[in-house]
Amino acid sequence: MAENNQGISTCSAICGGQDPVPNSGGCNFPEYELPELNTRAFHVGAFGELWRGRLRGQGDLSLKEPPASALPGQGGVADSGWEDAAVARDLGCSLETATELRAVCGLDKLKCFQEEDPEVIPEDTDLVTLGIRKRLLEHREETITIDRVCRQETFAYEMESHAIGKKPENPADMIEEGELILSVNILYPVIFHKDLYKSAFFYFEGTFYNDKRYPECRDLSRTIIEWSESHDRGYGKFQTAKMEEFTFNDLRIKLGFPYLYCHQGDCEHVLVITDIRLVHRDDCLDRTLYPLLIKKHWLWTRKCFVCKMYTARWVTNNDSFAPDDPCFFCDVCFRMLHYDSEGNKLGEFLAYPYVDPGTFN
């Protein structure tokens, strides 16, 4: 396990460090605990075995490219018959109905009668979103403004597509058939640190997985566990383990549930596993490229003008203590600079709570 930015795909590594243990609840597949929020805890390795067992069969898990004769659109009339049979099977209808559907709703019916430039939005479009897009493009041409959102969309697209279907140069680095891929969303922290210390931990389902790969690594979870055990705080008994002795296959997790990654002592990232699926031939098949960064949000945030580390929580105007107007402060620096030890206001200023735009990234 390792820290990564937002939106990563993590290869689960089928050959885990330990044998999968059965779920204590007798359930090894994702089942919603809270509707539309998160699933109940399930064992990743056992879930993968169940999934592979259901799909075991010729070609079900294969990462090889199918022969040209098996691709849609390569077989002429025979290919049309094969597609009709597949549609009839999926929809539970007769072959005649599937053939009629292809005749009425085929791709050729979606083509315009006249050849038109796809880059030009017609004036009389009835599509609301297309009309909004047209007005936006016209406004951009008139004002000649820089569209940062479009640049971010282009950047995100490049990140998502740069490794699609990529195969390793060394066959030994090829991902195995049936391996699981986890999509992980890692949120930005409130405080930003430089990477100075190697100590870190992940927290999943009552267990702290501490990074102990290097001699200088410290157990960052000890303080939390001692605090929890000093009084009966209702959290139960926490467990600890070495991060390097486990893979994701060994874990019990909840999809959609917030977990924690902590490094640099107090730099905390909320971590959410958003998806789990089997690897596909169109995925990046080079094991050495995982964890794979596939998306990075446009980080737009204001730091405190004093410490330059924490995200701003207050903004002041007409501030006799501030070098700029407006001026932004984190909560600690704001109170230290503007109030005495008794909580009395110092100097003249107007202060307002500040909601950082980066919160909505």
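Residues numbered from 1 in each chain as written. Predicted model: local features only at pLDDT ≥ 70, side-chain atom pairs only at ≥ 80, totals over all residues. Heavy atoms only, no water.

Comments concerning the overall build of the protein chain
For clarity, the cut-off: In this text, helices come from DSSP runs of H or I with a minimum length of four residues, and strands from runs of E with a minimum of two, each type numbered from the N-terminal end. Categorising residues by exposure relies on relative accessible area from a 1.4 Å probe, with only protein chains included: less than 20% of the type maximum marks a residue as buried, more than 50% marks it as exposed, and the intermediate range marks it as partly exposed. Shrake-Rupley sampling with a 1.4 Å probe provides the accessible areas, and residues are treated as covered by the protein chains on show and by no other component.
Helix and strand counts for the protein chain come out as seven helices and 15 strands. Split into buried and exposed, the 361 residues of the protein chain put 32% on the buried side. In the structure as shown, the protein chain presents an accessible area of about 23700 Å², 54% of it carried by carbon and sulfur atoms.

Overview of the packing of aromatic side chains
To describe a pair of aromatic rings, you give the distance between the ring centres and the angle between the ring planes. Our working definition: Two aromatic rings, drawn from Phe, Tyr or Trp (for Trp, its six-membered ring), form a pair once their centres lie within 6.5 Å of each other, and the interplanar angle then sorts them: stacked below 30 degrees, edge-to-face above 60, tilted otherwise. Either the NZ atom of lysine or the CZ atom of arginine qualifies as a charge over a ring when it sits within 6 Å of the ring centre and within 35 degrees of the ring normal.
One pass over the structure, following the stated rule, counts 20 aromatic pairs. Taking 5.1 Å as the distance between ring centres and 80° as the angle between the ring planes, the aromatic pair formed by Phe201 and Phe208 counts as edge-to-face. For the residue pair Phe201 and Phe208, the accessibility class agrees, reading buried in each case. Relative to Phe349, the ring of Tyr339 has its centre 6.1 Å away and its plane inclined at 85°; by these criteria the two rings are edge-to-face. Here the residue Tyr339 occupies a position in the loop between helix H7 (331–338) and strand S15 (350–353), and Phe349 occupies one in the loop between H7 and S15, the gap between them amounting to ten residues. For Tyr339, a relative accessible area of 26% translates into the label partly exposed. Given the relative accessible area of 6%, Phe349 is considered buried. The structure contains a cluster of three or more aromatic residues connected by ring pairs, namely Phe202, Phe204, Tyr209, Phe246, Phe248, Phe257, Tyr259 and Tyr261. One residue, Lys198, lies across the ring of Tyr214, its end atom 4.6 Å from the ring centre. Positioned over the ring face of Phe305 is Lys308, at 5.4 Å from the centre of the ring.

Regarding the sheet that holds strand S13 (residues 314–317)
The cut-off we apply is this: Should DSSP find at least two bridges between two strands, the strands are taken to pair. Fitted lines through C-alpha atoms serve as axes, helices being fitted only where they are in contact, and the angles separating the N-to-C directions of these axes extend from 0 to 180 degrees.
Taken in spatial order, the three strands line up as S14-S13-S15 in an open sheet, and their pairing is antiparallel. The sheet is open, and its two edges are formed by strand S14 (327–329) and S15, each paired on a single side. When strand polarity is set aside, the average angle formed by the axes of neighbouring strands in this sheet is 30°. As paired strands, S13 and S14 are joined by three bridges and run antiparallel to one another.

Some points on the pattern of salt bridges
We count it as follows: Salt bridges, as used here, are contacts in which a Lys or Arg side-chain nitrogen is within 4 Å of a carboxyl oxygen on Asp or Glu.
Counting across every chain of the model gives eight salt bridges. For Asp283, the salt bridge goes to Arg277, with nearest N and O atoms at 2.8 Å. Among the residues examined, Asp283 registers a relative accessible area of 14% and is labelled buried. Residue Arg277 is classed as partly exposed on the basis of its relative accessible area of 27%.

Some remarks on the pairing of strand S7 (residues 207–210)
Operational definition: Throughout, right-handed denotes a crossover for which the path from the first strand over the helix to the second runs clockwise when the strands point away from the viewer.
In S7, alternate side chains face the same way, and those of Thr207 and Tyr209 on one face and Phe208 and Asn210 on the other are all buried. Counted between consecutive antiparallel strands, the loop separating strand S6 (residues 200–204) from S7 contains two residues, among which Glu205 sits at a positive phi close to 45°. By the bridge criterion, four bridges tie S7 to strand S8 (residues 239–242) in an arrangement that is parallel. Paired with Phe208 across the two strands is Thr240, which belongs to S8. Chirality of the crossover, the property in question, places the unit of S7, helix H6 (residues 222–230) and S8 among those that are right-handed.

Some thoughts on the nonpolar core
Let me state the cut-off plainly: The definition of a nonpolar core used throughout is a set of buried Ala, Val, Leu, Ile, Met, Phe, Trp, Tyr and Cys residues joined through side-chain atoms within 4.5 Å.
The biggest cluster of nonpolar side chains holds 25 residues, and the ones touching the most others in it are Phe204, Tyr209, Ile253, Leu271, Ile273 and Ile276. Elements with a minimum of two residues in this core: helix H1 (44–55), strand S5 (180–186), S6, strand S10 (258–263) and strand S11 (267–278). Within the second largest apolar cluster, nine residues are counted, among which are Leu63, Val279, Cys284 and Leu285.

A look at unusual backbone geometry
Apart from glycine, the bulk of residues carry a negative phi angle, and the bulk of peptide bonds sit in the trans form. Here the amide bond leading from Tyr290 into Pro291 is cis, since omega sits at -5°, within 30 degrees of zero. With an omega of 5°, the peptide bond between Asp325 and Pro326 qualifies as cis. By secondary structure assignment, the location of Pro326 is in the loop between S13 and S14. Its identity as a non-glycine residue notwithstanding, Glu205 has a phi of 45°, on the positive side. Note that Glu205 resides in the loop between S6 and S7.

A few points about the environment of Met243
Structurally, the position occupied by Met243 is in the loop between S8 and strand S9 (252–253). Each C-alpha atom, one on Met243 and one on Asp211, is 5.1 Å from the other, the two residues being 32 residues apart in sequence.

Re H7
How we decide: What the arc describes is the spread of directions from the helix axis to the C-beta atoms.
Listing the buried residues of H7 in full gives Cys333, Phe334 and His338. End-on, the buried residues of H7 take up no more than an arc of 105°, which puts them together on one face.

Concerning the side chain of Asp319
Test applied: Two residue types count as positive, namely Lys and Arg, and two as negative, namely Asp and Glu; His and chain ends fall outside the count. Two N or O atoms form a polar contact when they lie within 3.5 Å of each other; inside protein one atom must be a possible hydrogen donor and the other a possible acceptor, and for residues adjacent in sequence the pair counts only when both atoms belong to side chains. Whether two residues are in contact is decided by their heavy atoms, any of which lying within 4.5 Å being enough.
Note on placement: Asp319 falls in the loop between S13 and S14. Despite its burial, Asp319 pairs with no opposite charge; the closest candidate is Lys345, at 8.8 Å N-O. Within polar-contact distance, the side chain of Asp319 engages the backbone nitrogen of Phe321 at 2.9 Å. When near neighbours in sequence (up to four residues on either side) are disregarded, Asp319 contacts Phe329, His338, Glu348 and Phe349.

Remarks on the confidence of the model for the protein chain
Filter applied, for reference: Residue-level confidence of the predictor, termed pLDDT, takes values from 0 up to 100.
With 73% of its residues at a pLDDT of 70 or more, the protein chain has an overall mean of 77. Across the protein chain, element-level confidence peaks in S7 with a mean pLDDT of 94 and bottoms out in helix H5 (residues 148–161) with 56. Low confidence marks residues 1–6, where pLDDT is under 50. Its contacts with residues over four positions away, or in another chain, come to 23 contacts.

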